[in-house]
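# Structural characterization, general
Chain by chain, the residues run as shown.
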Amino acid sequence: MPKGIFHVAKAVNEPVKSYAPNTPERKAVSEAYQKMWNEKIEVPLYIGSEEIKTGNTKNMTAPHDHQHVVGKYHLAEKSHVEKAIANALEARKNWAAMPWEQRAAIFLKAAELVAGPYRAKINAATMIAQSKNIHQAEIDAACEFIDFLRFNVEFMTQIYDDQPNSDPSMWNRVEYRPLEGFVYAITPFNFTAISGNLPASAAMMGNVVVWKPSDSQVFSAKVIIDIFKEAGVPDGVINVVFGDAEMITNTILESRDFAGIHFTGSTHVFKGIWGKIGTKINHYKTYPRIVGETGGKDFIIAHPSANPKQVSTGIVRGAFEFQGQKCSAASRAYVPKSMWNEVREQIITDVNSMKMGSPEDFGNFITAVIHESSFDKLASYIEQAKKDADAEIVVGGNYDKSKGYFVEPTVILTTNPKYKTMETELFGPVITIYVYEDEKWSETLKLVDETSEYALTGAVFSTCRYAITEATKALENSAGNFYINDKPTGAVVGMQPFGGARASGTNDKAGSMQNLLRWVSPRTIKETFVTPVDYRYPFLGE
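Thresholds applied
- Position labels on residues start from 1 in each chain and follow its written sequence.
- pLDDT decides what is reported in this predicted model: residues at 70 or higher carry local features, side-chain atom pairs at 80 or more are listed and counted, and totals for whole chains, interfaces and linings draw on all residues regardless.
- Values shown for side chains rest on all heavy atoms present in the structure; no hydrogens or waters enter the calculation.
- Numbering goes from the N terminus for both helices and strands, where a helix is a DSSP run of H or I of at least four residues and a strand is a run of E of at least two.
- Values of the radius of gyration come from C-alpha atoms, whereas the globule rule sets the reference at 2.2 Å times the count of residues to the power 0.38.
- Here's how the labels work: a residue is buried when its accessible area is under 20% of the maximum for its type, exposed when over 50%, partly exposed in between, all with a 1.4 Å probe on protein chains only.
- A contact between two residues is defined here by any heavy atoms of the two lying within 4.5 Å.
- Only the protein chains shown count as cover for residues, and all accessible areas are computed by the Shrake-Rupley method using a 1.4 Å probe.
- Think of a patch as exposed residues, more than 30% relative accessible area, with no salt bridge, where like charges cluster within 9 Å and nonpolar side chains (Val, Leu, Ile, Met, Phe, Trp, Tyr) cluster within 5 Å.
- When a carboxyl oxygen of Asp or Glu is within 4 Å of a side-chain nitrogen of Lys or Arg, the pair counts as a salt bridge.
- Only buried residues count toward a nonpolar core. Its members are Ala, Val, Leu, Ile, Met, Phe, Trp, Tyr and Cys residues joined through side-chain atoms within 4.5 Å.
- The convention used is that axes are lines fitted to C-alpha atoms, helices contributing only their stretch in contact, and that angles between N-to-C directions extend from 0 to 180 degrees.
- Any angle between 65 and 115 degrees counts as roughly perpendicular, while under 35 counts as roughly parallel, over 145 as roughly antiparallel, and the rest as oblique.
- Whether a crossing is left-handed or right-handed is set by the direction in which the near helix is turned from the far one by less than a right angle, anticlockwise for left-handed and clockwise for right-handed.
- Think of it as three bins: nonpolar holds Ala, Val, Leu, Ile, Met, Phe, Trp, Tyr, Cys and Pro, charged holds Asp, Glu, Lys and Arg, and polar takes everything else, Gly as well.

### Structural notes on the overall build of the chain
The number of helices and strands found in the chain is 16 helices and 23 strands. Relative to the compact-globule value of 24 Å for 542 residues, the chain shows a C-alpha radius of gyration of 25 Å, a close match. Looking at the chain as a whole, 55% of its 542 residues qualify as buried. Counted over contacts in the chain with a minimum sequence separation of 6, partners at least 24 positions apart contribute 77%. When the accessible surface of the chain is totalled, it reaches about 23000 Å², and 51% of it is carbon and sulfur.

Listed below in structure tokens is the structure:
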């Protein structure tokens, strides 16, 4: 047990490297990219101390060159998932009992491994597996992942330090126990940092985890696994399985020891899992913690007082960075009629200046979308917009999947504020803009709030503080992360805790203490120093 009150270093956000020409980081990541591109790796299941190769495999390819195979991964059967659960529960005996500072040391070491020897490798893997340009890979796979690890350790110490009052007659204390059972982590393709954080944040608090990464992110997930192993995460604490999502989830939910789910993905899938948990609630030892960040139909609204160049830049960056494949990406915008022509011209100029292609070429701002089904969905919405009388393509609108899944940054202009692409999450480089009459500012705010089932991120651009105040109030339930005079993306750990409500999730704020509190079950301990020996209270006296 600890023999001291220990303090960790104050967490600071990891600086973003520039990758400018002739910098050492540019050279390092280019070399790592070439090496990983020309190798073929094999990714087993990681269950306890075993690396299991089932023989049933799928290829891993790059979205920007879908015929190029960079490796294969093994698929789990039901028995493997059951084995992962058993190994997790066995590992829990020692892991839950481990002093917190030992767990902290493991994940602080993981952060330093990402910051140093693994930085080029995890960035290159993310460029290959998810077709992120180097800037998007750096702010995600390196910086945000490092920030999650460092800040979560600091948040953990703050949680443990939060203790109740005592007096001379008694000592009251709260211990923050891990959940009784195991946690199921389901992670998405689009952020390597999220893929690492969802299992790590639960494990950091003393829980054991069964982790299922996205099939489209296994290549970079393998780097995370290697980092955790080198950092000293014991066998069985984080077990990793790949394969049929429904089978894995159903097997997980059959266990009485299922204690919680940490999820990032689609709203539809999350609601389905929640429903299944509900039908089995009498089966579980404890009420499972359900934590999820799901979809978004994120907005930008410009007030007539806004700076048009700031608005157009917010739209372009917010909608098209990482091909719009962010839960927070701007996908609908409301622009006043008085500034629309200037905003339109700037957007067209910006989009036409963007280069598109492989992330290996650092001059490319746009690369490929993640897979063929995403490509086909986006192409269908673009084609429909070309046909509809209440929509037109302002810029972009082309696509090609002959080599990679490339979709041009596309701006749709609609005269119908409830047009399909104003309401539906597309998850790609497509934004729809509605032009409103300047005098209808307040009405448009109401329209923004009522249009979407989601409430993840949103932004207002204005130089009028009265307008900003009105928008902040009118849209208080429309976004869990609200931005004033900035694009609605780019939340930083420790600065903007991230998450939304409505159909966007449980708003448990990744990158904050609130999220870590979901992975503990507090126990209050009261110790009385002089124990009463008579039941009679003074009021009973004669």
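### Focus: a nonpolar patch on the surface
A cluster of nonpolar residues, Tyr-535, Tyr-537, Phe-539 and Leu-540, forms a patch on the protein surface that exposes about 550 Å² of accessible area. Tracing the backbone shows Phe-539 in the segment after β23 (520–528).

### Focus: the nonpolar core
Within the largest apolar cluster, 107 residues are counted, with the highest numbers of intra-cluster contacts made by Phe-107, Trp-211, Ile-238, Ile-252, Phe-258 and Ile-261. Broken down by element, this core gets its largest block of residues, 13 residues, from helix α5 (residues 134–161). When residues no more than four places from it in sequence are discounted, the contact partners of Trp-211 are Ala-185, Thr-187, Ser-195, Pro-199, Ala-221, Ile-224, Ile-225, Ile-238, Asn-239, Val-240 and Val-241. Counting 29 residues, the second largest nonpolar core, distinct from the first, contains Tyr-334, Phe-406, Val-407 and Ala-479.

### Regarding the environment of Ser-442
Mapping Ser-442 onto the fold places it in helix α14 (residues 441–451). Judged by its relative accessible area of 42%, Ser-442 falls in the partly exposed class. Taking the C-alpha atoms as reference, Ser-442 lies 41 Å from Ser-214; in sequence the two are 228 residues apart.

### Some remarks on the packing of helix α10 (residues 308–320) against helix α11 (residues 337–353)
Packed helix pairs are characterised by how far apart their axes lie and by the angle those axes make with each other. The contact between α10 and α11 brings their axes to 9 Å, and the two run at 45°. Relative to α11, α10 is oriented oblique. The element α10 and its partner α11 pack so that their crossing is right-handed. For the pair α10 and α11, the contacting residues are Pro-308, Lys-309, Val-311, Ser-312, Ile-315, Val-316 and Phe-320 in the first and Met-339, Glu-342, Val-343, Gln-346, Ile-347, Asp-350 and Val-351 in the second. Looking at the contact of α10 with α11, its residues break down into nine nonpolar, two polar and three charged.

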